[in-house]
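Given next are the chains, with one letter for each unit.
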Protein chains: 2
Amino acid sequence: MSVSATYFPTEPTAPTVKTTEFPGEKSKVAIKSLGTVFDSRTAYFVADYEKSIGNYLVDVDGNTYLDVYAQIASIPLGYNNPALIEAAKSDKMIRAIVDRPAIGNFPGKDTEEIIAEILKIAPKGQDKVWSGLSGADANELAFKATFFWYQSKKRGYANPFSEEENVSVMKGQSPGSPDLAILSFERAFHGRLFASGTTTSSKPIHKLDLPSFNWPKAEYPSYKYPLDKHEAENKEEDKRCLEIVDKLFQTWKVPIAGLLVEPIQSEGGDNHGSKEFFQGLRDITLKYGALLIVDEVQTGVGATGKLWAHEHFELSPLPDIVTFSKKFQSAGYYFHDPEIVPNQPYRQFNTWCGDPARIILAGAIGHEVLKHDLPALAQKVGTYLFTKLEALQQKYPKYLQDLRGKNRATFIAWSLDDATARNKFLADMKTVGVNIGGCAENSVRLRPTLVFEEKHADLLVEAIEKVLSKY
Amino acid sequence: MSVSATYFPTEPTAPTVKTTEFPGEKSKVAIKSLGTVFDSRTAYFVADYEKSIGNYLVDVDGNTYLDVYAQIASIPLGYNNPALIEAAKSDKMIRAIVDRPAIGNFPGKDTEEIIAEILKIAPKGQDKVWSGLSGADANELAFKATFFWYQSKKRGYANPFSEEENVSVMKGQSPGSPDLAILSFERAFHGRLFASGTTTSSKPIHKLDLPSFNWPKAEYPSYKYPLDKHEAENKEEDKRCLEIVDKLFQTWKVPIAGLLVEPIQSEGGDNHGSKEFFQGLRDITLKYGALLIVDEVQTGVGATGKLWAHEHFELSPLPDIVTFSKKFQSAGYYFHDPEIVPNQPYRQFNTWCGDPARIILAGAIGHEVLKHDLPALAQKVGTYLFTKLEALQQKYPKYLQDLRGKNRATFIAWSLDDATARNKFLADMKTVGVNIGGCAENSVRLRPTLVFEEKHADLLVEAIEKVLSKY
């Protein structure tokens, strides 16, 4: 029996559309009412999670969407997955919710087991983890670890802080608060707090009016598609972008302690970087003594056909820090070098140090992902789907430009002419019962769950064709 | 029947001490083992949350501590509170855990109800809320709201961004990323991310080696105790500190968009500010067109005898933003001015916009707090306890210096000569079965739960006397 049938014997066999407008009437009323207590201007519709199941998201008007967006790429195993419901009902979970421990000071007797569970799904070679609460938080915690590490190298890992450092840090001045930078890329998305926001450059709306650190931005490759027909140009593009990174390390006015990069820039447009590009980045960070931080908030936990997307790049040495959130439901970073543990306690610290309830759920997710080898399933289904989309591209090239994500499982995207065309396509897909997301200004991104199978892919392709055939 | 007896019919009647060292043998082994997957250097002992109940925290060695620290001031209603267990077992909670919605895009049909529930415990006059995940996150989200508001005032709330802004923000440069500041205070604690960390100035260890924004710090009053014997001096102190704040607004090189302040500086030493001081701050923010952000992460939800500590200050107009976390288990900020809602959607936004599971728990906490009028209970018990501590102070003045928190319910603190004396006192309290916390270098802070009653206060005072009588 297929994985989705095992989990969801009553999953619908096709989407059902009940309304002609989206949001439907009941959703409209509910969104307006929600607006009295919450900023509901961004709501697409109001969901009925009780009725949603597997790959199908139901709204309050009774529309049953095949969901290839999965919230914002963040539902791992389908709606109301029975294995996760079991975890949610466990005594361990109830205690984690009710008696939320400050695990730095007062860990519980199950804290070790809970954390050990999420280490089982760690990227290859990473054997330590630090917990946070969101993707932005995970990245900022990783920046902290990076700056601690960088200054400890300079000062000597075992050496104490100087009196001058202890005094100046209280004024937010150097040397206690040093001028250091994290290098990131144009079109990157790493979160929306102040340091993570500094490293985000996908859209103005994400950060307009917010003060920013003065940190360098390099160019991320822009490839020509299909890749196999533009090998030489794309190789040149890698080289050009790597030279920019190298030059920034040489010339930036403050030291660059870490380089932060997504294996596939997601929010920024599903921009891919080649294995060679990433190997080049690894070399540059080694050359200049900076950490390589890979942001796997969106790419992690199986959707690219490997547990962690950077495993496609065969980096050596491995990335220093890998951040996670979204589909893992918990957030934080994996690492391996013992010197990334700060040289004194209470440096990487806060009241809760993550949320054990969410860590327990992440453990349950990891368990299912490994048990059913869901990255392999994503690879199989993704390859199947990509081939079908290539055929569709032949028929409708204008609406499936730069089809990308071959061999990256279900992590597939394409572009349309502009934002207007893309937004119309996303909206039209609802009329045929598909909830689908965009990225950048003019692209469509597929982010189904890990229990998305060939039968769902068939329905998706049918639905796309139904929409495009009317254009 | 008393509230604690109602919730916890089997709560112990006194602490039990089983070991002579703290951590005990079993805790030591467990801390070492935990160290293989987590930085356990900060662990005091390993707790057994299954056996903990009400005001008593049990460790794996069987020590049963009367807990007047309540994790890090973050357990609201005692361990294994039956009302919260009921909330944790509810279908609504299970769905929130398993089908975690991205509530900005795909709110569920119960999202409005869940959020409305936490508005019932909002500070007086605040009728809107935005959800986050931790105290640091809450404060940074408040900074974002403040900067959006400040620039929207300048630009005109309804006016679009200029092309120059849209271009410069992508480079992290002005005018899109403007130079703006949040004013905070010396000895303040507002979290440990980069912007929140900039506003934190309690101890070097919190932020050494981290880059900082260049934002102004004012002085928070340092009063002489007891307050009623030093009225004139303390009034002068208020005046002096207010003048510093006013001057910073006049002279700081970049505009100050908001003033961030704790009603009682907690981590920084339980430093109190008078009603007049806070009224003065309110006036200054009005004079210079900045928002007043009150950080109630530690003081909120009843422990000072009012639902929210700033309600003691009778501010008019009310604070613009009030942040919360810790005892509320969920995090975020309350506000009232509709123009603090950003002028466009997707400005205050992220994948999850908080965690509905934690918001549901906060709603259940709020429900119990209101139902049993727990701020009034804290006031009654605090007054009772303070009187007993004053008597103890007469007997042991050296160990109960600057006793503070009169009329602020159980939010009580005092100081010892230095860090050595204070740390010895905290450690000695474990030998008589009390888990108690410190603040600043040389102070002791009481942070019991909201179900801490006279009988618990008696036990606490007895335990303190048992320790001090041997000094």
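Going by the structure above, here's the rest.
One structure accompanies this document, and this report is about it. (Residues numbered from 1 in each chain as written. Chains lettered and ligands numbered in written order. Predicted model: local features only at pLDDT ≥ 70, side-chain atom pairs only at ≥ 80, totals over all residues. Heavy atoms only, no water.)

**Some details on the pattern of salt bridges**
Residue and element names in this part refer to chain B.
- As enumerated under the stated definition, the model contains 64 salt bridges over all chains in all.
- For K51, the salt bridge identified is with D48, shortest N-O distance 3.6 Å.
- As a salt-bridge pair, K275 and E314 come within 3.4 Å of each other at their nearest N and O atoms. In this pair, K275 is assigned in helix α11 (residues 275-288) and E314 in the loop between β9 (291-295) and β10 (321-324), connecting sequence segments 39 residues apart.
- K275 sits in the partly exposed class, given a relative accessible area of 29%.
- Here E314 falls in the exposed class, since its relative accessible area comes to 55%. (Salt bridge = Lys/Arg side-chain N within 4 Å of Asp/Glu carboxyl O. Helix = DSSP H or I, 4+ residues; strand = E, 2+ residues; numbered from the N terminus. Buried < 20%, exposed > 50% of the residue type's maximum accessible area, 1.4 Å probe, protein only.)

**Comments concerning the relation of the copies chain A and chain B**
- Note on the identical chains: chain A maps onto chain B by a rotation of 180 degrees and an axial translation of 0.0 Å, with an RMSD of 0.0 Å. On the angle and the small slide along the axis, the relation comes out as a two-fold axis.
- Interface overlap between copies is the fraction of interface residues in one copy that are interface residues in the other; for chain A against chain B it reaches 100%, indicating a shared surface. (Least-squares fit on C-alpha atoms with pLDDT ≥ 70 in both. Contact = heavy atoms within 4.5 Å.)

**What to know about the side chain of N55 of chain B**
Residues and elements named next belong to chain B.
- Along the polypeptide, N55 turns up in the loop between α2 (25-34) and β1 (56-58).
- Residue N55 is classed as buried on the basis of its relative accessible area, which comes to 0%.
- In this structure the side chain of N55 is engaged in a polar contact, spanning 2.9 Å, whose partner is the backbone oxygen of V451.
- If sequence neighbours within four positions are ignored, N55 has contacts with S4, E11, Y65, L66, D67, T449, V451, F452 and H456. (Polar contact = N/O pair within 3.5 Å; in protein donor to acceptor, adjacent residues only side chain to side chain.)

**Considering the environment of I72 of chain A**
- Here I72 of chain A is to be found in helix α3 (residues 70-73).
- Linking I72 of chain A and G437 of chain A, residues 365 residues apart in sequence, is a C-alpha distance of 8.0 Å.
- Setting aside residues no more than four positions away along its own chain, I72 of chain A makes contact with K326 of chain A together with A102, N105, F349 and T351 of chain B.

**Some remarks on the sheet that holds strand β6 (residues 256-261) of chain B**
Residues and elements named next belong to chain B.
- Taken together, seven strands build an open sheet; the order of strands is β3-β11-β10-β9-β6-β4-β5 and the sheet is mixed. On the outer flanks of this sheet lie β3 (128-132) and β5 (217-218), each paired with one strand and no other.
- As paired strands, β3 and strand β11 (residues 331-335) are joined by five bridges and run antiparallel to one another. Among the inter-strand pairings, K128 is bridged to a residue of β11, identified as F335.
- Against the sheet, helix α7 (residues 135-155) touches β3, β4 (181-185), β6, β9, β10 and β11, its axis set at about 150 degrees to β6. (Pairing = 2+ DSSP bridges. Axes fitted to C-alpha atoms, helices over the stretch in contact; angles between N-to-C directions.)

**A closer look at the sheet that holds strand β13 (residues 413-415) of chain B**
Residue and element names in this part refer to chain B.
- Pairing is antiparallel in the open sheet, where four strands are placed in the order β12-β13-β16-β15. Where the open sheet ends on each side, the last strands, each with one partner, are β12 (401-404) and β15 (437-439). Taken pair by pair, the neighbouring strands of this sheet meet at an average axis angle of 25 degrees, ignoring direction.
- Examined bridge by bridge, β13 and strand β16 (residues 443-445) share three bridges and lie antiparallel to one another. Within β16, the position partnered with W414 by the bridge is V444.
- Of the strands in this sheet, β12 and β13 touch helix α13 (residues 374-395), which is tilted by about 170 degrees from β12.

**Thoughts on helix α6 (residues 111-119) of chain A**
- Along α6 of chain A, the residues that are buried comprise T111, I114, I115, I118 and L119 of chain A. Viewed end-on, α6 of chain A has its buried residues packed into an arc of 145 degrees, placing them on one side of the element.
- On its buried face, α6 of chain A is in contact with α5 (91-98), β3 (128-132), β10 (321-324), β11 (331-335) and α12 (356-371) of chain A together with α2 of chain B. (Arc of directions from axis to C-beta.)

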